[in-house]
Amino acid sequence: MRELLLGYGTVIMYYVMAVSLIYFTLMFLSYRGIYSMIKGAVYSRFQSLSGSAHAPPVSLLVPAYNEELTIIENVKSLLTLNYHTYEVIVINDGSKDNTLQVLIDAFELKPKTDETVHYAIDSTKIKAVYYNPAHPNLYVVDKNNGGKADSLNAGINLSHYPLICSIDADSLLEKDALIRMARVYMENPAETVAIGGNVRIANGCVIRDGDVKDVRLPRKIWPMFQTLEYLKAFLGGRIGWSHINGLIIVSGAFGMFRKDYVVKVGGYREGYPGEDMNIIIKLHRYMLKNKLPYRVAYCPDAVCWTQAPDTYRILSSQRKRWGRGNLKNMLENRDLFLNPKYKVFGLLTVPYNVLFETLNPYFKLTGLLALIGYVAMDMTHWPILLTFAAINFLNGYLLAVGSLLLEELAFRRYPRMRDTLKMVGFAALMFLGYYQLGVLWRLQGHIEFLRKNNSWGVMTRQSWNQEPIGKPSTVTTGGEA
Amino acid sequence: MNNVSAVRKLNDRMYQAVLEKFWFGDRKKPVSCGILLVRSVHAYDEMLAAVRGLIETERRLPAEVLADPAGRQAAFLLFDSPWSETHYLALMVKGLLKNIADGEYAVMLARVKDRAERNPQWFEEVVELFEQLPATEEIVLFHERKAATESQSVLLVDGDEEVRGYLQLRLKMKGYRVLAARDGRQGLDLFRREKPDVVVTDLNLSGIDGYHLLTRLRGEDPDAGSKIVVFTDNRVEEAKRKCFELGVDDYVTKPFSPADLEARIERLL
Amino acid sequence: MYSNLQIAHYYIVAVTALIAAGLAVLFTLKYSNIRKRKLAEQVSAKYEDWFTYLLANLDGDGKLHPPPEPPSAAESGVLLDRLLFWIDRLKGKQQAKLISLCEEMGFVDRQLARIESPFEWVRLDAAYRLGGMRAHRGVPAMLKLLEAVKPGPLSFIVARAIAKSAARPGELREMALKLLAGKPDSYELAADILQESELDYAPMLAEFLASEDEGKILLALAAMKQRTIEGSADRLYELTVFKRKEVRLQAAKLLTQPGSDVSPERLEALLFHRDGEVRAMAAEALGRVDASGTVAALRVALNDEEWHVRYHSAKSLARQGEAGLAALRLAAAEGEDGPAAEAARAVLRERFGGDPSAGEEAEKGSESAKRFAASAAFFERKTELANEN
């Protein structure tokens with residue numbers, strides 16, 4: 001029995017080392033990929049490109065549900081992007097609060113009667129489209145509640161341009177984010193089906209007039225952990241995956257797609273979280289099945305700032321939701337698992353996702369339990385437990401350091417020395433509970449899935465007035481100047 | 001008391017020198033004159049000698065040197081010299097002063113206008129301003145302060161600080177009264193307060209988006225008393241059309257030719 | 001069992017060493033970046049007066065002089081960046097003065113030396129700066145670099161630098177051909193890059209358009225969005241039956257855009273083209289045409305199998321005056337629930353479902369058109385004057 005436990009524990013240790021090897025490879029690929037990405041970005045003249053007629057027009061789709069507090073600020077900010085031709089389509093998903101009225105009042109919108117919508121994708125019928133020629137790029141769509149995916153589909157039906165960009169209602173795009181994505185598209189328009197943007201945590205930053213003026217680390221502990229998590233995931237992971245065309249997800253908070261392909265795969269899957277990963281999987285599937293050359297690209301210099309949940313309740317709810325969505329996506333697409341017909345995606349991406357993301361909690365937990373059991377039976381071998389913990393910690397920490405190094409090499413968004421020190425410190429602290437909580441939340445998400453629980457969970461909207469304590473806010477909320 | 005009369009003397013002397021040049025020099029050619037005012041609290045005599053020497057080596061033409069030891073300042077009148085050379089000379093002088101004047105110095109440049117020989121008050125204004133100048137590292141360029149009614153006003157709305165600074169400089173030198181705003185909201189405020197004659201605005205602004213600003217400007221000013229020039233990177237025909245529909249008077253794209261922009265502004269006034 | 005643990009221990013040691021190395025590099029990098037920033041700020045402040053001198057005197061006839069104290073190598077980097085900023089923002093004589101200043105200050109020579117470096121990132125940086133300075137002398141080296149880099153984001157950087165600096169159309173052509181040889185169909189970007197050039201490359205575009213090579217044709221078509229080529233209407237019409245779909249679509253787009261001088265008969269022919277997108281474009285364009293056969297052709301197109309074609313045909317009929325509206329009403333009444341009727345009804349609803357201010361729109365339209373024309377006329381006059389000089 002003891003031998004069995006030890007054996008199993010050791011296997012899990014090797015599992016961890018294997019995961020690390022893949023992580024390290026990914027990180028290595030990220031470093032390789034970053035060179036041409038960054039040089040391409042640094043030496044581009046975005047100011048001039050943003051005014052060029054050769055940059056493609058884009059439709060921004062903003063699904064909104066009960067966003068009356070912040071929707072005005074966000075829409076105003078979206079209307080002032082540095083791009084020559086684009087439209088902002090806000091889809092009011094049957095909000096129970098005053099989201100629609102607030103928009104109509106603030107922008108003096110009137111119902112638009114000369115617009116006929118063609119339903120290329122099945123979606124809830126659009127009740128009305130609101131418009132004001134003084135804001136020629138803004139359309140507000142009203143429809144009955146149908147969920148985020150359904151709203152996106154409705155927006156696609158209305159949109160007038162060949163590229164669409166899905167944006168969360170609380171995303172704060174940088175002014176040049178759109179033109180940076182467009183450049184990545186323009187470099188390979190025939191093959192690019194989707195482009196992911198970089199999502200960064202805005203908690204603690206100084207924001208004025210819809211612009212992040214001063215980038216700072218969050219003061220609260222939950223957003224701080226998430227900042228590091230996002231850095232590892234986006235910089236360490238996604239760049240690497242995109243380099244080998246194995247990117248499995250483009251963040252729903254900021255992602256650009258070719259409308260024609262999204263329509264071809266039937267639009268977003270409604271009714272369950274994880275539609276952002278789902279649409280990418282569908283796109284990979286479609287392109288591989290039809291043997292069309294393609295890429296799902298990633299643009300790390302196009303930044304979207306988002307508010308991270310800063311309480312346990314909201315954060316855990318979000319992570320459980322992600323866990324649910326992830327499991328459903330993997331189950332629905334299990335035929336891709338190790339399927340050579342689907343090349344990198346089938347042989348690397350999906351297996352990696354299943355074994356090392358979805359099933360990660362089970363392996364790690366059982367491994368830990370096995371080793372604890374082993375040690376409990378024979379206390380003289382307690383160092384093995386220490387070894388296990390050390391391996392886990394050092395792996396994760398090396399990846400964190402690698403991501404921070406990448407950030408410093410390529411982006412340098414956190415200018416102060418003390419920011420780096422703080423991040424280095426917190427990267428270590430995360431192992432004293434945060435990662436363990438992550439495992440727990442994922443488990444809970446799986447349990448919810450099995451129980452057929454399909455709620456969106458807890459979310460509260462906060463205003464963008466996130467400033468360091470003590471400074472008066474200069475953000476105006478709603479109303480006209 | 002003593003200082004006041006010394007001040008009077010300096011600008012009187014300057015005025016005299018210009019008059020002389022005008023009446024006794026070659027009347028067919030217009031007299032161009034750049035004035036370099038230098039003050040050095042310490043090392044006054046050194047400064048005088050050094051600047052004299054510099055002028056002699058750098059220029060072939062003589063200059064009038066009007067010294068005012070009491071005020072520790074001197075005026076150097078450079079006739080028939082292109083303005084850019086005078087400005088460059090000022091740079092060299094500043095370099096000199098950094099070494100010898102120990103931090104307490106001030107340099108000012110002024111350009112004599114047409115008809116200066118008829119306008120002694122101008123010299124007075126220049127010298128008075130110079131007197132009040134604190135010891136500063138920067139070379140100050142003199143702009144005549146005109147009353148709000150006299151000159152035409154231009155409102156610049158552009159998020160790009162450098163371009164804004166540059167246009168401000170140029171338009172001020174041309175004689176306009178310039179107001180600058182860095183975003184739409186500020187622009188709107190200034191517009192309401194000052195009612196400028198011309199508005200030069202970008203489309204890509206913070207706060208309020210460009211088209212909306214145009215609508216609001218026209219809303220505030222329906223009979224088009226103020227002219228609007230859109231000055232933007234956006235080179236797409238559609239945007240141009242939209243702007244004209246919203247009531248602008250001209251559309252200039254970046255990269256731009258400053259002379260072209262000025263000509264278009266003038267055309268509208 | 002012990003050997004297993006030993007592997008684990010070696011692993012731990014290796015990873016710890018890597019972490020230590022990583023942290024060392026991280027903090028060194030951070031420190032050096034902070035110092036670089038401070039240096040740049042200092043240099044900017046020191047040369048502020050000189051920049052004021054430059055900007056204030058861009059117009060005059062006099063030459064612009066370098067700073068009285070020659071800057072050090074590190075300072076030069078910062079100064080060059082700022083000069084490049086202004087060269088990019090300006091046009092014409094002012095830009096030319098800044099460019100010759102860069103030449104005088106030796107910046108061009110320095111970058112020409114750097115472009116021979118064995119390291120690719122140094123060559124890339126040098127190419128970028130040479131492009132920024134519009135340095136003709138650097139074009140041969142840049143063309144070599146274009147050949148050497150992997151096709152991708154980097155090749156566009158070098159291509160753009162070449163476009164900015166090329167002094168002979170032959171160089172521009174060589175760059176365009178090299179870009180086309182790289183795989184991606186990035187014609188729009190290539191067309192945008194070509195625009196950076198001050199040379200007249202219309203003959204090159206005409207040649208590309210007339211060729212049989214897909215890549216060249218698509219590049220020419222993309223570039224023609226911003227500039228028309230004389231006498232190309234016939235060739236464009238020919239291209240609407242080219243073997244590759246993208247060519248057909250782009251050619252049709254150019255033919256059907258407002259302001260194109262295509263004949264109504266050709267548009268009507270395009271209305272029955274094999275590609276749905278082309279038919280839709282033709283249907284939309286016919287709304288601006290007033291010829292005898294138009295209403296009849298559009299009526300037939302109302303029964304097209306593609307929704308967009310039906311919709312645009314209906315919209316265009318609505319703009320054809322009474323005859324068009326009558327046809328729409330007829331289709332709406334007779335077609336029951338068929339697709340033609342649906343499109344007709346949708347458009348009729350749009351038209352009459354609501355806007356009493358339709359008349360005002362027309363008013364505003366003519367006012368804005370007047371102002372637009374005044375400005376355009378002024379601009380044309382200026383270009384004429386400029387050309388005379």
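Please read these numbers as outputs of a predicted model, since none were measured by experiment.

A. A look at the overall build of chain B. The number of helices and strands found in chain B is nine helices and ten strands. Restricting the contact set of chain B to residue pairs at least 6 apart, pairs at least 24 apart contribute 67%.

B. Structural context of the pairing of strand β10 (residues 250-253) of chain B. All names here are of chain B. Pairing of strand β9 (residues 227-232) with β10 involves four bridges; the strand directions are parallel. Bridging from a neighbouring strand, Val 230 pairs with Tyr 251 of β10. Each parallel crossover has a hand, and for β9 linked through helix α8 (residues 237-245) to β10 it is right-handed.

C. How the structure looks around the sheet that holds strand β5 (residues 139-141) of chain B. All names here are of chain B. Spatially, the five strands line up as an open sheet ordered β2-β3-β1-β4-β5, and their pairing is mixed. Each edge of the sheet is formed by a strand with only one pairing partner; in this case those strands are β2 (63-68) and β5. Taking the axes of each pair of neighbouring strands and ignoring which way they run, one obtains an average angle of 20° across the sheet. In the packing of helix α2 (residues 44-58) onto the sheet, the strands contacted are β1 (33-40), β2 and β3 (73-79), and the crossing angle to β1 comes to about 150°.

D. Representation of the pairing of strand β2 (residues 86-93) of chain A in the model. Residues and elements named next belong to chain A. Counting buried positions along β2 gives seven out of eight residues, so the element sits mostly inside the fold. With seven bridges connecting them, strand β1 (residues 58-64) and β2 associate as parallel partners. If you follow Val 62 over to β2, its bridge partner there is Val 90. Read from β1 through helix α3 (residues 71-79) to β2, the crossover connection turns out right-handed. Two elements, β2 and strand β5 (residues 138-143), share six bridges in a ladder whose sense is parallel.

E. The interface of chain A and chain C, seen in detail. Contact residues are listed per partner, giving 41 residues for chain A and 45 residues for chain C. The leading source of residues in the side of chain A that touches chain C is helix α13 (residues 383-410) of chain A, at 14 residues. Looking at the side of chain A that touches chain C residue by residue, the class counts come to 22 nonpolar, 13 polar and six charged.

F. Focus on helix α3 (residues 83-100) of chain B. In this model, α3 of chain B (18 residues) spans 26 Å end to end at C-alpha, consistent with the 26 Å of a helix rising 1.5 Å per residue. Among all positions in α3 of chain B, only Trp 83, Ser 84, Thr 86, His 87, Tyr 88, Leu 89, Ala 90, Leu 91, Val 93, Lys 94, Leu 96 and Leu 97 of chain B are buried. Tucked inside the fold, the buried residues of α3 of chain B contact β1, α2, β3, β4 (105-111) and β5 of chain B together with α2 (48-56) of chain C. Among the residues trailing α3 of chain B, Asp 102 of chain B stands out with phi positive, at a value near 60°.

G. Region of interest: the sheet that holds β9 of chain B. Residues and elements named next belong to chain B. Strands sit in the order β7-β6-β8-β9-β10 across an open sheet of five strands; the sheet is parallel. The two strands at the open ends of the sheet, each matched to only one other strand, are β7 (177-181) and β10. Shown here is a sheet whose adjacent strand axes are inclined to one another by a mean of 20°, direction ignored. Across five bridges, the pairing between strand β6 (residues 153-157) and β7 is parallel. Bridge pairing in β7 places Val 157 opposite Ala 181. Running over the sheet, helix α9 (residues 258-268) touches β6, β8 (198-201), β9 and β10 and is turned about 165° from β9.

H. Structural view of the environment of Thr 387 of chain A. Looking at where Thr 387 of chain A falls in the secondary structure, it is placed in helix α13. Taking the C-alpha atoms as reference, Thr 387 of chain A lies 9.1 Å from Met 13 of chain A; in sequence the two are 374 residues apart. Ignoring any residue separated from it by four or fewer positions in sequence, one finds Thr 387 of chain A in contact with Leu 5 and Ala 8 of chain C.

I. Local environment of the confidence of the model for chain B. Confidence in the prediction for chain B averages 81 pLDDT; 87% of positions are at 70 or higher. Here the predicted complex scores 0.88 on pTM and 0.86 on ipTM.

J. Layout of unusual backbone geometry. In the segment running from Lys 254 of chain B into Pro 255 of chain B, the intervening peptide bond is cis, with an omega of 0°. In this fold, Pro 255 of chain B is placed in the loop between β10 and α9. Phi angles above zero are rare outside glycine, and Asn 66 of chain A is one such case at about 55°. Following the sequence through the fold, Asn 66 of chain A ends up in the loop between β1 and α3. Positive phi is not limited to glycine here, since Asn 245 of chain A has a value of about 55°. Mapped onto the secondary structure, Asn 245 of chain A falls in the loop between α7 (221-243) and β11 (254-258). With 19 C-beta atoms packed within 10 Å, Asn 245 of chain A lands in the partly exposed category.

K. Representation of the environment of Glu 46 of chain B in the model. Residues and elements named next belong to chain B. With respect to the helices and strands, the residue Glu 46 is situated in helix α2. Assessed through the 15 C-beta atoms surrounding it within 10 Å, Glu 46 is described here as partly exposed. Measuring from C-alpha to C-alpha, the distance between Glu 46 and Val 93 comes to 12 Å, with 47 residues separating the pair along the chain.

L. Summary view of the nonpolar core. By size, the foremost hydrophobic cluster in this structure holds 300 residues, and its most contacted members are Val 62 and Ile 280 of chain A together with Val 158 of chain C. Considering every element that reaches this core, the biggest residue donor is α13 of chain A, with 13 residues. When near neighbours in sequence (up to four residues on either side) are disregarded, Val 62 of chain A contacts Leu 78, Val 88, Ile 89, Val 90, Ile 91, Ile 167 and Ala 169 of chain A. Membership of the second largest hydrophobic core comes to eight residues, among which are Met 330, Tyr 342, Phe 345 and Phe 449 of chain A.

Thresholds applied
- Residues numbered from 1 in each chain as written.
- Chains lettered and ligands numbered in written order.
- Predicted model: local features only at pLDDT ≥ 70, side-chain atom pairs only at ≥ 80, totals over all residues.
- Helix = DSSP H or I, 4+ residues; strand = E, 2+ residues; numbered from the N terminus.
- Contact = placed C-beta atoms within 7 Å.
- Pairing = 2+ DSSP bridges.
- Right-handed = clockwise from strand over helix to strand, strands pointing away.
- Axes fitted to C-alpha atoms, helices over the stretch in contact; angles between N-to-C directions.
- Buried ≥ 20, exposed ≤ 12 C-beta atoms within 10 Å, placed from the backbone.
- Nonpolar A, V, L, I, M, F, W, Y, C, P; charged D, E, K, R; others polar.
- Expected span 1.5 Å × (residues − 1).
- pLDDT = per-residue confidence, 0-100.
- Core = buried A, V, L, I, M, F, W, Y, C linked by C-beta atoms within 7 Å.

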